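Structural characterization, general
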Amino acid sequence: MNQPVPHNKSPLLSLVVPCYNEREVLPEFMQQVVPVLQGMSSMDYEVVFVNDGSRDGTLELLIGIARDHERIRVVDLSRNFGKEAAMTAGIDEARGDVVVPFDADLQDPPEVIPRLVAKWREGFDVVIARRVDRSSDTYLKRKSASLFYKFHNTISDIDLPENAGDFRLMSRDVVNALQRLTESRRFMKGLFAWVGFNTAVVEYTRRPRAAGKTKFSGWRLWNFALEGVTSFSTLPLRVWTYFGFVTAFVALSYAAFILIRTLIFGNPVPGYASIVTILLFLGGVQLVGIGVVGEYIGRIYIESKQRPVYLVQARYGADEGAERGEN
Ligand code: UDP
Ligand code: MG
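Residues numbered from 1 in each chain as written. Chains lettered and ligands numbered in written order. Predicted model: local features only at pLDDT ≥ 70, side-chain atom pairs only at ≥ 80, totals over all residues. Heavy atoms only, no water.

Here we take up the environment of E46. The topology assignment puts E46 in strand β2 (residues 44-51). In this structure E46 comes out as buried when scored by relative accessible area, which is 6%. Taking the C-alpha atoms as reference points, E46 and S14, 32 residues apart in sequence, are found 4.9 Å from one another. In this view, E46 contacts L12, L13, S14, L15, R71, R73, A94, R95 and G96; residues no more than four positions away in its chain are not counted. (Helix = DSSP H or I, 4+ residues; strand = E, 2+ residues; numbered from the N terminus. Buried < 20%, exposed > 50% of the residue type's maximum accessible area, 1.4 Å probe, protein only. Contact = heavy atoms within 4.5 Å.)

Written out as structure tokens, the structure is:
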């Protein structure tokens, strides 16, 4: 769809920035990021802002920015689709030879971008930026993130690199590969890991948000984690089969035990408490099992509708790109 630039020019870097209610941080963003991009003499750059249904005037601000900078474009989604979808939109829209997803809140220092590019020049297709110091995140967030990665990597076929967010560099080949993955619920960290390719790692220190508030509450993160697990593992489904076998085996052994005891000692009144406990326990376990199955059926249902991942309502900046295909 998007053609890389011809080889007589310097390669193009696309910075993809999803924005949801980021008005407060954008001026600072421009001040910090644009000089870094301009400073890379061997690279051309473009910035693709994706407005993910903001309600705080972010779009107006972005349109103004795009008007003043010819290398900046804005893709306006028709509502809030969530960060994963917004990032997908931006990556689809990017024309660069390399694409770098980048948060608007400046938690990831722009100075790392030239280091990613340097690694790419050494021949890597993917350069992951790994956080070595997450002290800017709360203790709870770090702990839960680390637990999530451990759990996910134990039960999934793919390994998510720990302490790496969406901030990374991808070559055009990797972007093309990503675009061949058709699922509409996009757990990007998983998709990035799934496509593979030659990968290098660059380490950096993550900072606190420059302004504005985080968009991810505890509940949203929990659902995000569920999304991650169900996207890349069917172990939660399979585990019930084994659990069923074990339960059946225990039940049979217990039956044999009761039989023998009755033959030897006769039949005293059997325990009411043990029956209730077993009944409630198995009832609870079955409900959890059904819940897990439901989680997956829900995903099948959503995927089967084949709805697009996002809808673009308008584009601003550069050539206003209106002639390009909708997604
Ligand atoms: N974001 C988005 N849509 C959403 C939520 C977030 O585009 O529904 C963007 C947000 O504007 C920011 C990035 O995703 O650029 C990361 O969000 P945030 O910094 O709030 O997440 P955190 O760093 O706290 O995990
Ligand atoms: Mg952030």
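Okay, back to it.
Counting residues in each nonpolar core, the largest one holds 40 residues, and the members touching the most others are L13, L15, F29 and F49. Residues I128, F148, V174 and F232 belong to the second largest nonpolar core, which totals 29 residues. (Core = buried A, V, L, I, M, F, W, Y, C linked by side-chain atoms within 4.5 Å.)

Right, let's get into the site of ligand 1. The environment of ligand 1 is formed by 20 residues, the closest being E22, D52, D105, T214 and K215. The separation between a nitrogen atom of ligand 1 and a polar side-chain atom of D52 is 2.6 Å. Relative to its free-state accessible area of 530 Å², ligand 1 is covered by the protein chains to the extent of 95%. Elements that contribute at least two residues to the shell around ligand 1 include exactly β1 (12-19) and α3 (83-93). (Near = heavy atom within 4 Å. Polar contact = N/O pair within 3.5 Å; in protein donor to acceptor, adjacent residues only side chain to side chain. Areas by Shrake-Rupley, 256 points an atom, 1.4 Å probe, with all protein chains shown as cover.)

Around the magnesium ion (ligand 2), the protein contributes the donor atoms D105 (OD) and Q107 (OE1), which lie 1.8 to 2.0 Å from the metal centre. Assessed through its relative accessible area of 11%, Q107 is described here as buried. (Donors = N, O, S within 2.8 Å, 3.2 Å for Na, K, Ca; no water.)

What follows covers the sheet that holds strand β6 (residues 164-171). Taken in spatial order, the eight strands line up as β7-β5-β6-β4-β1-β2-β3-β8 in an open sheet, and their pairing is mixed. Of all strands in the sheet, those with a lone pairing partner are β7 (199-205) and β8 (312-316), marking the two edges. Between one strand axis and the next, the sheet turns by 20° as a mean value, whatever way the strands run. Two elements, strand β5 (residues 126-133) and β7, share seven bridges in a ladder whose sense is parallel. Looking across to β7, one finds that R130 is bridged to E203. In the packing of helix α1 (residues 26-39) onto the sheet, the strands contacted are β1, β2 and β3 (72-77), and the crossing angle to β2 comes to about 155°. Against the sheet, helix α4 (residues 112-121) makes contact with β1, β4 (98-101), β5, β6 and β7, and its axis sits at roughly 160° relative to β7, the strand it touches most. (Pairing = 2+ DSSP bridges. Axes fitted to C-alpha atoms, helices over the stretch in contact; angles between N-to-C directions.)

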